[in-house]
Amino acid sequence: MTTSPEATDLVDQDGGRTKRVLLAKPRGYCAGVDRAVVTVEKALETYGAPIYVRKEIVHNRHVVDTLSERGVIFVDETDEVPEGALVVFSAHGVSPAVHEEAAKRNLRTIDATCPLVTKVHKEVHRFAREDYDILLIGHEGHEEVEGTAGEAPDRVQLVDTAEDVDKVQVRDPSKVVWLSQTTLSVDETMERVDQLKDRFPDLQAPPSDDICYATSNRQHAVKVMAPECDLVIVVGSQNSSNSKRLVEVALQAGASASHLVDFASQIDEAWLEGVTTVGVTSGASVPDVLVMQVLDHLAERGWNQVDEVTTANEKVTFALPRELRKDLDDNPNKPKGVR
């Protein structure tokens with residue numbers, strides 16, 4: 001695998017341009033997803049099956065199916081968990097009401113909420129305490145949005161579409177702040193912010209970026225390679241917000257076509273007709289083995305040259321949830337390599 005992002009002018013024996021793949025880096029697992037998945041794996045090793053998880057631990061079909069085979073039971077709500085059992089909260093976060101419900105049912109809980117989502121929760125709590133109206137930019141129905149808004153439901157208004165901007169009502173235009181879901185398109189979010197500022201000139205911004213570093217980095221990598229691509233394949237699940245945004249970003253940045261797939265087997269042969277350069281990336285909840293399978297699939301069809309396009313090197317890591325760390329520390333036979 002070569003690592004140059006430069007366009008090549010290699011010519012094949014038929015006189016056409018060489019088939020090649022531009023492979024985005026960074027791609028795949030972010031620190032929050034890695035933490036959440038490892039949390040469930042270590043919980044299985046420490047406590048044994050079954051382990052209950054509220055919602056999908058991360059939005060990836062392969063990850064959920066693999067954990068299910070190992071004894072994880074995914075539920076929609078805590079009332080589906082037997083009283084006194086162990087339940088893990090997903091990386092997307094939950095509202096205080098969910099914590100309260102779990103306590104009422106005497107459930108043992110491990111909170112695998114991504115620390116960057118927790119940061120937004122704390123921002124909601126802070127601004128609600130200071131009596132601000134909070135405009136949360138995000139996608140209606142997404143689990144992260146539901147958990148974040150649940151921190152102060154009487155103060156938070158969801159802004160999803162441009163039409164939502166016109167519907168916003170605030171008590172004091174001088175005390176309004178915008179926050180956002182962590183997995184949005186950076187460009188789309190700022191478009192909403194500009195629309196909100198037209199209505200509320202004193203609109204305040206979050207203390208620091210709410211869109212997570214991994215989402216921003218993956219979008220930037222796609223923007224760099226998309227103009228050279230006839231096709232961009234994004235590996236990720238349909239319910240993964242950040243993966244779907246990568247498809248949109250690829251098209252906006254100049255890719256001729258872009259498609260989202262869970263697995264290499266879902267690649268439509270018609271997509272590859274007349275294509276020379278294929279871009280490949282993956283959402284933040286996608287294990288890299290699925291990307292490698294896509295590369296193998298393409299190699300079998302003549303796309304043997306792979307140029308890795310590196311736009312950032314990520315070194316962020318998060319410690320496991322404290323509830324799990326305590327039990328691991330108390331267990332002298334804890335698995336090796338546990339943080």
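Residues numbered from 1 in each chain as written. Predicted model: local features only at pLDDT ≥ 70, side-chain atom pairs only at ≥ 80, totals over all residues. Heavy atoms only, no water.

Enquirer: I would appreciate a short explanation of the packing of aromatic side chains in the present structure.
Expert: Given two aromatic rings, one states the distance between the centres and the angle between the planes to describe the pair. Scanning the model with the defined rule gives 1 aromatic pair in all. Taking the centre distance of 5.3 Å and the plane angle of 75° together, the rings of F127 and Y132 count as edge-to-face. A residue is classified by how much of its surface remains accessible, and F127, at 2% relative accessible area, is buried. Overall, the relative accessible area of 10% leaves Y132 in the buried class. (Phe/Tyr/Trp six-rings, centres within 6.5 Å; stacked < 30°, edge-to-face > 60°. Buried < 20%, exposed > 50% of the residue type's maximum accessible area, 1.4 Å probe, protein only.)

Enquirer: Is there a simple way to think about the environment of E144 in this case?
Expert: Mapped onto the elements of the fold, E144 is located in helix α5 (residues 143-149). When the C-alpha atoms of E144 and G93 are compared, they prove to be 5.8 Å apart, with 51 residues separating the residues in sequence. The residues touching E144, leaving out its near neighbours within four places in the chain, are H92, V117, Q181, T182 and T183. (Helix = DSSP H or I, 4+ residues; strand = E, 2+ residues; numbered from the N terminus. Contact = heavy atoms within 4.5 Å.)

Enquirer: Is there a simple way to think about the pattern of salt bridges in this case?
Expert: In this structure the tally under the stated criterion is 21 salt bridges. A salt bridge links E45 to K42; the shortest N-O distance between them is 3.8 Å. Of this pair, E45 and K42 are both found in helix α1 (residues 31-47), 3 residues apart, which corresponds to roughly one turn of the helix. For E45, a relative accessible area of 42% corresponds to the partly exposed category. (Salt bridge = Lys/Arg side-chain N within 4 Å of Asp/Glu carboxyl O.)

Enquirer: Is there a simple way to explain helix α9 (residues 241-252) in this structure?
Expert: Since one α-helical turn is 3.6 residues long, residues separated by three or four positions face the same way. Here α9 contains 12 residues, and its C-alpha end-to-end distance of 17 Å stays within 8% of the 16 Å for a straight helix at 1.5 Å per residue. Here the buried face of α9 lies against α7 (186-199), α8 (213-225), β9 (231-235), β10 (258-261) and β11 (277-282). Residue G254 follows α9 closely and has a positive phi angle near 120°. (Expected span 1.5 Å × (residues − 1).)

Enquirer: Is there a simple way to think about the UniProt feature "binding site: [4Fe-4S] cluster" (unreviewed entry) in the chain in this case?
Expert: UniProt's entry tags C30, C114 and C212 with the feature "binding site: [4Fe-4S] cluster" (unreviewed entry), counted in the numbering of this structure. A compact arrangement is adopted by the annotated residues: their sequence extent is 183 residues, whereas the largest C-alpha distance between any two is 10.1 Å. Using a relative accessible area of 11% as the deciding quantity, one classes C30 as buried. The contact partners of C30, leaving out residues within four places of it in the chain, are Y213, A214, R218 and A284. Mapped onto the fold, C212 is located in the loop between α7 and α8. (UniProt positions renumbered as here; feature names shortened; annotations may be inferred.)

Enquirer: Even after reading the chapter, I still don't get the packing of α8 against α9, so can you show me in this structure?
Expert: For any two helices packed against each other, the geometry is given by the interaxial angle and the distance between the axes. Where α8 contacts α9, the two axes come as close as 9 Å, and the packing angle between them is 25°. With respect to α9, the axis of α8 lies roughly parallel. Where α8 crosses over α9, the two elements pack in a sense that is right-handed. Counted together, T215, R218, Q219, V222 and K223 of α8 and N242, R245, L246, V249 and A250 of α9 form the full contact between these two elements. Considering only residue class, the contact of α8 with α9 consists of 4 nonpolar, 3 polar and 3 charged. (Axes fitted to C-alpha atoms, helices over the stretch in contact; angles between N-to-C directions. Parallel < 35°, antiparallel > 145°, perpendicular 65-115°, else oblique. Left-handed = near helix turned anticlockwise from the far one by under 90°. Nonpolar A, V, L, I, M, F, W, Y, C, P; charged D, E, K, R; others polar.)

Enquirer: Quick question: what am I supposed to make of unusual backbone geometry here?
Expert: Negative phi is the rule for most residues except glycine; trans is the rule for most peptide bonds. The omega torsion across K25 and P26 is 10°, close enough to zero to call that bond cis. If you trace the backbone, P26 turns up in the loop between β1 (20-25) and α1. Note the cis peptide between A49 and P50, where omega equals 0°. Following the sequence through the fold, P50 ends up in the loop between α1 and β2 (51-54).

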